[in-house]
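Residue-level structure breakdown
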Amino acid sequence: MGEDCKEALLEKVYHENCPGCKVELYKERRRGLPIKDLISIWIVVLCTALPISSLFPFLYFMIRDFHIAKREEDIGYYAGYVGSAFMLGRALTSVFWGVIADRYGRKPVIILGTSAVVIFNTLFGLSVNFWMAVCTRFLLGSLNGLLGPIKAYAVEIFTDEYQALGLSTVSTAWGIGLIIGPALGGFLAQPAEKYPYLFSKESLFGRFPYFLPCLCISVFALGVTLASCWLPETLHMHDEHDKLQDDSYGALESACRSSAKELSEETADRAPKSGESLLKNWPLMSSIIVYCIFSLHDMAYSEIFSLWAVSSRKYGGLGYSTEDVGEVLAVSGVGLLLFQFTLYPVVERILGAVTVMRIAGILAILLLSSYPFLATLSGFRLSMLVNVASVMKNVLSVSIITGLFLLQNKAVDQHQRGAANGIAMTGMSLFKAVGPAGGGTIFSWAQKRQVAAFLPGNQIVFFILSVVEAIGVLMTFKPFLATRYDQ
């Protein structure tokens, strides 16, 4: 009788018209590696990540062309505000989009987010002054709230066996988007100067020299928007009575009620209550805080790297063109892709997400300390070492972010994942909004202290980046960082 009860209890109730239940059935019947779903998630995340940092290689020149900076050393200051506008907009709306995703589904938010890229990224490329650039970036961030819901979607569309791979796909696509975006910006900006045999100075791309990379990303986003209409919805949609049935098992109406009660009492002790406030869920909140610190560092690094690479040798920069920066970032994207799909899942399985984060953070600090000395090199040695350093830095950063994605999504139940990821996106966006503004301001300040006694020029910039990274690493240790089953 007891065995029959257990078998009955393990029989889930599915609802015919519920999209979430259809996905659960699909997961049970699916065999092998879910390549189609991995590609779908990868493309959607890539679409939303591309415009975030695609402007960095040409932002220095865009601000110069707006003639708002009175001195060359002040360009980084204004560039920081344009870079921060996107993240400020997203910080103000991330929780809202998370709640919408929990109420109406992940799919509508995904489609709205990719549509925002089509419209406002195109307008940004047509900016004629500083304030138009700031406003279009702000609106792009405000209406592009899909990163939180897509992380929830990545957990829900896969079985437990492939959830780590699903979230690794999110962070990999995100990281590659933050690399390929600037690569596109570097290769395609100012096409009338770089490719005069294809684009004349009187053409649209000659009059708007930064429109071509934005247009290419927007066209890609349009294709993703249309393709997203065929994504399956993963949110369970049935009334409260049905939800209770779905969370229980089919035999609750049978004579096995006593066995069900024992089972529910066992599981209740181990998991947080579904009605628990997300703000009181310390495993979630601690991982979000750590995520914010590393996000601040990553965004500041992205801005500073591009500004440092294109700045003049006399100010401690590399003197690169936008095309040179694009080549470095393209190589980094290939290296990151290979690492995340081949080595990361194996390393994470052996060491665990938290240990991988700590090792990656420590290695990143050591790597950053070498950056100022790269500017003393030239020729092939400079090119080789800059490429190696860029690949390593991006691999380490994405390894950290992937681990934090795993911790956040395991800290809550399905019906709270959209809101939980919305909170994470709000915090992360606030910190990332500070990143470019702070990074640009510090970079401009460093340009003016080339002969300082303590950490002159760009040495102070990379030292500050290392300090932020070190704070993040310290916060990955207990008692600060907790996991769901520690309590």
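Residues numbered from 1 in each chain as written. Predicted model: local features only at pLDDT ≥ 70, side-chain atom pairs only at ≥ 80, totals over all residues. Heavy atoms only, no water.

1. Examining the overall build of the protein chain
Along the backbone of the protein chain there are 22 helices and 0 strands. Surface accessibility of the protein chain: about 21,100 Å² in total, with carbon and sulfur atoms responsible for 65%. (Helix = DSSP H or I, 4+ residues; strand = E, 2+ residues; numbered from the N terminus. Areas by Shrake-Rupley, 256 points an atom, 1.4 Å probe, with all protein chains shown as cover.)

2. What about helix 3 (residues 35-53)?
Over its 19 residues, helix 3 extends 27 Å from the first C-alpha to the last, a length consistent with the 27 Å expected when each residue adds 1.5 Å. When you tally the buried positions in helix 3, you get 14 out of 19 residues, the bulk of the element. (Expected span 1.5 Å × (residues − 1). Buried < 20%, exposed > 50% of the residue type's maximum accessible area, 1.4 Å probe, protein only.)

3. Thoughts on the side chain of Thr114
For Thr114, the location among the structural elements is in helix 6 (residues 106-125). At 2.9 Å, the side chain of Thr114 forms a polar contact with the side chain of Thr225. (Polar contact = N/O pair within 3.5 Å; in protein donor to acceptor, adjacent residues only side chain to side chain.)

4. A word on the packing of helix 3 against helix 9 (residues 160-188)
Where helix 3 meets helix 9, the axes come as close as 7 Å, and the angle between the chain directions of the two elements is 35 degrees. When the axes of helix 3 and helix 9 are compared, the crossing they make is right-handed. Tallied by class, residues from the contact of helix 3 with helix 9 come to 17 nonpolar, 7 polar and no charged. (Axes fitted to C-alpha atoms, helices over the stretch in contact; angles between N-to-C directions. Left-handed = near helix turned anticlockwise from the far one by under 90°. Nonpolar A, V, L, I, M, F, W, Y, C, P; charged D, E, K, R; others polar.)

5. As for the nonpolar core
With 133 residues, the main nonpolar core has Ile41, Val82, Ile150 and Trp308 as its most contacted residues. Per element, the largest residue contribution to this core is 18 residues, and it comes from helix 15 (residues 282-310). With sequence-adjacent residues up to four places away left out, Ile41 is seen in contact with Ile150, Tyr153, Ala154, Ile157, Phe158, Thr169 and Val170. (Core = buried A, V, L, I, M, F, W, Y, C linked by side-chain atoms within 4.5 Å. Contact = heavy atoms within 4.5 Å.)

6. A few points about the packing of aromatic side chains
For any pair of aromatic rings, the description consists of the separation of the ring centres together with the inter-plane angle of the planes. All told, the structure shown has 16 aromatic pairs when counted by the stated rule. Both rings, one in Trp308 and one in Phe462, keep their centres 5.3 Å apart while their planes meet at 80 degrees; by these two values the pair is edge-to-face. Pair noted here: Trp308 is in helix 15 and Phe462 is in helix 22 (residues 458-474), with a separation of 154 residues, a long-range link. Look at Phe462 and you get buried, because its relative accessible area is 2%. Through pairs of rings, three or more aromatic residues link up here, namely Tyr301, Phe305, Trp308, Tyr371 and Phe462. One Lys or Arg, Arg137, reaches over the ring of Phe124 and ends 5.5 Å from the middle of that ring. (Phe/Tyr/Trp six-rings, centres within 6.5 Å; stacked < 30°, edge-to-face > 60°. Lys NZ or Arg CZ within 6 Å of the ring centre and 35° of its normal.)

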